[in-house]
Structure formats: C-alpha cells, structure tokens
Amino acid sequence: MLKLACEFLKLSPEIYQRFREPERIVKVNFPVKMDNGKTQIFTGYRSQHNNALGPYKGGLRFSPMVDEQEVKNLSAWMTWKCAVADIPFGGGKGGVIVDTKKLSKTELERLSRAFVRAIAEMIGPEKDVPAPDMYTTPKIMDWMVDEYTKLAPRTVLKDTQGLSLATQTSVTLATFTGKSLNNGGSEGRTEATGLGGVYILEALAKKKKLIPAKTKIAVQGIGNVGEYFARHAEKLGFKIVAMSDSQSGIYNASGLDTETVMSYKQINGSLKNFPGVKAISNAQLLILKNIDVLVPAAIEEVINKKNADKINAKYVIEMANGPTTAEADKILEKKKVLVIPDILANSGGVTVSYFEWYQNMHNEKWTKDEVLAKLKPKLVKAFNEIFKIVESKKVSMRLSAYAIAIKRVLTAEKNNALK
Ligand code: NAD
C-alpha cells in the first residue's frame, strides 16, 4: 500500500525506499534475575520509524513471536496511523522476545524494569513515547514509569532543568501512555478504540444514508475493541446480528443484546450454548448473508484470498490491525465492498493516548466526557478528508488514507527542515 500510495502521489522511488525502513532500530540484550536466582538474557527491540510529526509513538509487546522485521513494520504502521488521525506523533514500536505465561509476577516486573533501563536513552516525552500492546498492560506501564523516573536525573531531567518538581513528575509520566488511571492514565482510554470505530460508522452512515435500525452488523471478536464497538453501535440503534469470540459465534437475524451476550460470556467463559440463537463458526460469521457491515475486531488476516470473494457485507470496518490481506483487499475492491482501513477505523485508541500524553505534559486531568467529546470531531474530520479523495479520485479508502498520511509526513519534514 505504501508503494501504491507513493505512486498515486507521483513521488520518487527514493521516498518509497526511505519510508520502507525505520530511521533507527535498536536491539538490546539485557539480563533479568529469575526467581531461581539465575540470570537470564532477554532480547528486545525499539524501532523508531519517523518523527517528522512529533515524538515516536507506539506499543511495546511482550511475545515469543516478536522479531526485528515485525517491529519495523509495526513502527511504520504507527507513523501512518498517527498521521491519518492528525495527532503530533511519529511512529515507533518495540518488544521483547518472551513468553509472559512462563514468568512469575515478580519476574515480569523485573523484566519490564530491565527493558526500560536498556532503552532509557532512546525514550522520553518529547523523543519516543511507548504504550501497552500485546501482553503488556497498564500495570507494566506503571512499573516502567517508576523505573524511568528513577533514571530521570540521568535521562529526562537534564532536559527539564528549571521546571518545578510537579512539572518534572508529569513530564516523566508523559514518557508512557496506557498507564493506570491513578498513575496519570486517561479517562476514556478503555473504550476509545471501539467507540472511535462507532464514530466512523456514524460518519459512514451519514454519507451512505444508512438507517441504523435497518443496518445489520456482524462483529468478529468481542474483546476490548469489539465489545465497546458493539455496545456503542447498539446505543445508536444499529442492529448487531452476529458476534464471536475465539471459540464460537452466535447469530440472530432480529438482533442480539450486547449486554446479555457479554454477561453470558463473563459467566460461562465463552459464547458456546448461548440460548435462542444460531451457533456459527468464525469462518461463517465473515461470510454471512444479509449483513450490511462486517467488523473484524480480533486478529490479523482473517479476510484473505480464500474467503474474500464470499463476503456479502457492503462495508468492512477494520477494527483489528491488518485483518485483510493485500490479495483480499483487491478482491473486495473489485466487488465494490467499501473497506474502512484499520489506520483510520481503530485510530481512536492512539488519539486518546495522545490526549493522555497532553494531559500529563500540561498537568491536566480531563473527565471521560471531555475526552470523548474531543475524540469524535478528530475522527469524523479524518473520515471526511479520506472520503473526499475516495469520491474525487475513485480510489479505495485505504489508498486515500495512506496518501493523506504520506503527504502530512512529507510536509512536516519540509517544515522541520526550514526551522
Ligand atoms: P482482546 O484480546 O481484548 O480481544 C480479542 C478478541 O478476539 C477476543 O474476544 C478473542 O476471543 C477474539 N479472538 C481471538 N482469536 C480469534 C479468532 N481466531 N477468531 C475470532 N476471534 C478471535 O484484544 P483487543 O484489544 O480487543 O484487540 C483486538 C484487535 O484490535 C487487535 O487486532 C488489536 O491489535 C487491535 N487494536 C486494539 C486497540 C486497543 O485499544 N485495544 C487499538 C488499536 C487496534
């Protein structure tokens, strides 16, 4: 898509080559004391793709699957996501190769702290701002902030001399987002991604004159993102007819009640044997007939060349990261299915992360209503900008989103060079 968007913008191949690679990637090997008294060496990465728009921004994942190429790709993705959302952040990503299920809580804490010490020189509120990602949590961010604050005299505070102690504290807090609420985290972050997707759905409905009560939606994955998407879409009157978790799915043509489904899942651990509905598989959910909007909100590459041709929805809202493969994307475009790309659809999360950073930097604390009220206009604006190019140039939403993002980064690079 990057290549296609560079060609669409008639940019030189050198620009494409440059954006393919991060500006910097650091590999660290660091020791962690295990509960048995032995020391184990772990490997981690931090990739800084582009910071023309602002500090590098992106999650830290703890997973056995972490590798250098994946971290590089994900950091580039963050550059385009932040640029589409028009927030003053660049793109970064990091991770440690580790299976957290094999660690005790104290080992996890020591690993988190040791990783921060290993990358401390690279990060900072105006340099690079990490966040939670796969298998990292607000608690882990809290440990990281604490460790980073201990290192502050050597790292951050040399840049903040003359600031009051309170301001210094909030500056170190701003080095990480996704912290817990009582440690500088932002209200509204938990539901931001799902709700952000619903703001996009609303904007789409307005353009396409969809009547909520007649618009049938299938949501794959009812984790953090899928649950809040379903809850808020239902509140606006949209009809959620299918939902699934990793094990099974349910379908009811006349609509499901999200609250009932979520309480059932909480009590029973899955959606299996949910009463009064048709049981379906995850594969069936994707190709349901009689649905208008398909919302993949679980994992990547679920829409691929094997099933793309069988998709019956007219709209796909990509709440998961990378749910559609490049081959499937072409098939859907041919079928005239409108795909709202992940870098727009799920950018509500990173936008509220920006709000968290902003509150920390300015020593402010916004209410949930304030946060969500600021989120909506940003996402609606991003949707409308992208849609304008879709209509005028007859290109996909994904191509349009990438083109806007690349242009923004190039303009910022030009402006920075003039400073
Ligand atoms: P989560 O772990 O809370 O939920 C994932 C859900 O998907 C669960 O209901 C799980 O049962 C289900 N699932 C897992 N494997 C599945 C499979 N093979 N088929 C169908 N369902 C399956 O995760 P989340 O935070 O809701 O994230 C979901 C997606 O959204 C991911 O792609 C993530 O990268 C992306 N995303 C999340 C955020 C955020 O703020 N949480 C922000 C941007 C993007």
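Each remark here, short or long, concerns the structure printed above.
About the cut-offs
Residues numbered from 1 in each chain as written. Predicted model: local features only at pLDDT ≥ 70, side-chain atom pairs only at ≥ 80, totals over all residues. Heavy atoms only, no water. Core = buried A, V, L, I, M, F, W, Y, C linked by side-chain atoms within 4.5 Å. Buried < 20%, exposed > 50% of the residue type's maximum accessible area, 1.4 Å probe, protein only. Contact = heavy atoms within 4.5 Å. Phe/Tyr/Trp six-rings, centres within 6.5 Å; stacked < 30°, edge-to-face > 60°. Helix = DSSP H or I, 4+ residues; strand = E, 2+ residues; numbered from the N terminus. Lys NZ or Arg CZ within 6 Å of the ring centre and 35° of its normal. 1 Å grid on protein atoms, 1.4 Å probe; cavity = no way out; pocket = protein on both sides within 12 Å on 5 of 7 lines; lining within 4 Å. Points joined across faces, edges and corners; volume = space filled by probe spheres on them. Nonpolar A, V, L, I, M, F, W, Y, C, P; charged D, E, K, R; others polar. Near = heavy atom within 4 Å. Polar contact = N/O pair within 3.5 Å; in protein donor to acceptor, adjacent residues only side chain to side chain. Salt bridge = Lys/Arg side-chain N within 4 Å of Asp/Glu carboxyl O. Pairing = 2+ DSSP bridges. Axes fitted to C-alpha atoms, helices over the stretch in contact; angles between N-to-C directions.

> What is the right way to read the nonpolar core from this model?
One recurring pattern in soluble globular proteins: nonpolar side chains tend to sit buried together. If you look at the biggest cluster of nonpolar residues, it comprises 83 residues, and the most contacted ones within it are Trp80, Ile217, Phe229, Ile317 and Ile340. Residues contacting tryptophan 80, with those up to four places away along its chain left out, are Leu2, Phe19, His49, Ile343, Tyr402, Ala405, Ile406 and Val409.

> Hey, could you run me through the packing of aromatic side chains in this one?
Aromatic ring pairs are reported here in terms of the distance separating the ring centres and the angle at which the planes meet. In total, this model carries 13 aromatic pairs according to the counting rule given. Where tyrosine 264 meets phenylalanine 274, the ring centres are 5.0 Å apart and the plane angle is 70°; that geometry is what we call edge-to-face. With tyrosine 264 in helix H9 (residues 258–268) and phenylalanine 274 in the loop between H9 and strand E9 (278–280), this pair connects stretches of sequence that are ten residues apart. Judged by its relative accessible area of 16%, tyrosine 264 is buried. With relative accessibility at 13%, the residue phenylalanine 274 sits in the buried group. For the pair tyrosine 358 and tryptophan 366, a centre-to-centre distance of 5.8 Å together with 45° between the ring planes defines the contact as tilted. By the ring-pair criterion, three or more aromatic residues cluster together here, those being Phe89, Tyr354, Phe355, Trp357, Tyr358 and Trp366. Over the face of the ring belonging to phenylalanine 89 we find lysine 57, whose NZ or CZ atom lies 5.8 Å from the ring centre.

> Explanation requested: the layout of surface pockets in the structure shown.
One simple way to see leftover space: roll a probe sized like a water molecule over the atoms. Space inside the second largest pocket adds up to approximately 430 Å³. Glu333, Lys336, Val337, Leu338 and Val395 are, among the 17 residues lining the second largest pocket, the residues nearest its centre. At the level of secondary structure, the elements contributing two or more residues to the lining of the second largest pocket comprise helix H11 (326–334), strand E12 (338–340), helix H14 (368–393) and helix H15 (397–418). Per element, the largest residue contribution to the lining of the second largest pocket is three residues, and it comes from H11. Of the residues contributing to the lining of the second largest pocket, the split by class is eight nonpolar, one polar and eight charged.

> Would you mind going over the site of the ligand with me for this structure?
Surveying the vicinity of the ligand reveals 18 residues, the closest of which are Thr193, Asn224, Val225, Ser246 and Asn321. In this structure, an oxygen atom belonging to the ligand sits 3.0 Å away from a main-chain N or O atom of asparagine 224. Interatomic distance of 3.3 Å between a side-chain N/O atom of asparagine 282 and a nitrogen atom of the ligand. If you list the elements that add at least two residues to the shell around the ligand, you get helix H7 (189–208) and helix H8 (224–235). Within the shell around the ligand, the residues separate by chemical class into seven nonpolar, nine polar and two charged.

> It is not clear to me how the pattern of salt bridges should be interpreted in this structure. Could you clarify?
Two side chains carrying opposite charge are able to pair once their charged atoms lie near each other. Tallying each qualifying case throughout the model produces 29 salt bridges. Of the charged contacts, one joins aspartate 128 and arginine 46 as a salt bridge, the two residues approaching to 2.6 Å between their closest N and O atoms. Residue aspartate 128 is found in strand E5 (residues 128–132), and its partner arginine 46 is found in strand E2 (residues 39–50); the two are separated by 82 residues along the sequence. Several salt bridges converge on common partners, so that one network encompasses Glu109, Arg113, Arg117, Asp146, Glu147 and Lys150.

> Would you mind showing me how to read the environment of leucine 410 here?
Structurally, leucine 410 is set in helix H15. Of the residues examined, leucine 410 reaches a relative accessible area of 18% and is grouped as buried. The spatial distance from the C-alpha of leucine 410 to the C-alpha of threonine 260 is 48 Å, given a sequence separation of 150 residues. If we skip the residues at most four places from it in the chain, leucine 410 touches Leu11, Ile15, Arg18 and Phe19.

> Explanation requested: the sheet that holds E5 in the structure shown.
Picture the strands of a sheet paired through backbone hydrogen bonds; they go either parallel or antiparallel. Strand order in the open sheet formed by five strands is E1-E2-E4-E3-E5, and the pairing between neighbours is mixed. For this open sheet the edge positions go to strand E1 (24–33) and E5, each flanked by a neighbour on one side alone. Pairs of neighbouring strands in the sheet enclose a mean axial angle of 20°, with direction left out of account.

> Would you explain the environment of valine 293 in this entry?
On the secondary structure map, valine 293 appears in strand E10 (residues 293–296). Valine 293 sits in the buried class, given a relative accessible area of 0%. Spatially, the C-alpha atom of valine 293 lies 4.7 Å from that of isoleucine 217, the residues being 76 residues apart in sequence. With sequence-adjacent residues up to four places away left out, valine 293 is seen in contact with Leu201, Thr215, Lys216, Ile217, Ala218, Ala313, Tyr315 and Ile317.

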